[in-house]
Amino acid sequence: MKKSIEITEQDRSFMAEAVRLSAESVKKGGGPFGAVIVKDGKIIAGSSNSVTIDTDPTAHAEVNCIRKACLALGTFDLSGCVIYTSCEPCPMCLGAIYWAHLDRIYYANDRKDAGAIGFDDDFIYRELELPMSERTTPIVKMEGTEAMHVFRLWDEKTDKTEY
């Protein structure tokens, strides 16, 4: 059984900053999402959603924040860091959080709250539960490419940086 995590006043202050960034984003024409990444009790990066501002569908608050944190720390591995985000991460952001090796995720609004204002992240979560053949967007595996050769090159490379 997992141990319950106590939310501290410091956690609340970090979340308040993520929420502040989300409100600021709305005022600037971005989406209502904000995030901060914390290491050793200090905010090392903060960002908001800039999908419409940057014309980039991947410019979610969490992804933007991960990019800034990696630049600030000079690493692609954010182990030892925690993310505070104004909304439950969408599947893309959740994947990015796992790839970045963040230690913990705190969120405020959930995917149902986001759906109620027109952000249907829950649709993607439901799609991922379906077999590929039943998903809305067709997914087609192409055989006979050189892709496996490239994987072998990577596998045999002795001086690669693993991630």
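Residues numbered from 1 in each chain as written. Predicted model: local features only at pLDDT ≥ 70, side-chain atom pairs only at ≥ 80, totals over all residues. Heavy atoms only, no water.

A. Focus on helix H4 (residues 91-100). Of the positions making up H4, those classed as buried are Pro 91, Cys 93, Ile 97 and Ala 100. Where H4 is buried, its residues contact helix H3 (61-73), strand S3 (81-87), strand S4 (104-109) and helix H6 (121-129). (Buried < 20%, exposed > 50% of the residue type's maximum accessible area, 1.4 Å probe, protein only. Helix = DSSP H or I, 4+ residues; strand = E, 2+ residues; numbered from the N terminus. Contact = heavy atoms within 4.5 Å.)

B. Region of interest: the side chain of Ser 25. Assignment of secondary structure puts Ser 25 in helix H1 (residues 9-28). When its relative accessible area of 1% is taken as the criterion, Ser 25 is described as buried. Reaching out from Ser 25, the side chain makes a polar contact with the backbone oxygen of Asn 49 at a distance of 3.0 Å. Contacts of Ser 25, omitting those with residues within four sequence positions, involve Gly 30, Gly 31, Phe 33, Ser 48 and Asn 49. (Polar contact = N/O pair within 3.5 Å; in protein donor to acceptor, adjacent residues only side chain to side chain.)

C. Up close: a nonpolar patch on the surface. Side chains of Phe 76, Trp 99, Trp 154 and Tyr 163 sit close together on the surface and give an oily, nonpolar patch of about 570 Å² of accessible area. Mapped onto the fold, Tyr 163 is located in the segment after helix H7 (147-156). Residue Tyr 163 is classed as exposed on the basis of its relative accessible area of 68%. (Patch = residues over 30% accessible without salt bridge, like charges linked within 9 Å, V, L, I, M, F, W, Y side chains within 5 Å. Areas by Shrake-Rupley, 256 points an atom, 1.4 Å probe, with all protein chains shown as cover. Salt bridge = Lys/Arg side-chain N within 4 Å of Asp/Glu carboxyl O.)

D. Broad picture of H3. Taking 1.5 Å per residue as the helical rise, H3 with its 13 residues ought to reach 18 Å, and the 18 Å between its terminal C-alpha atoms agrees with that figure. For H3, the full list of buried residues reads Ala 61, Glu 62, Val 63, Asn 64, Cys 65, Ile 66, Ala 69 and Cys 70. In the core, the buried residues of H3 are packed alongside strand S1 (34-39), strand S2 (42-48), S3 and H4. Just downstream of H3, Gly 74 is the residue with a positive phi angle, here 70°. (Expected span 1.5 Å × (residues − 1).)

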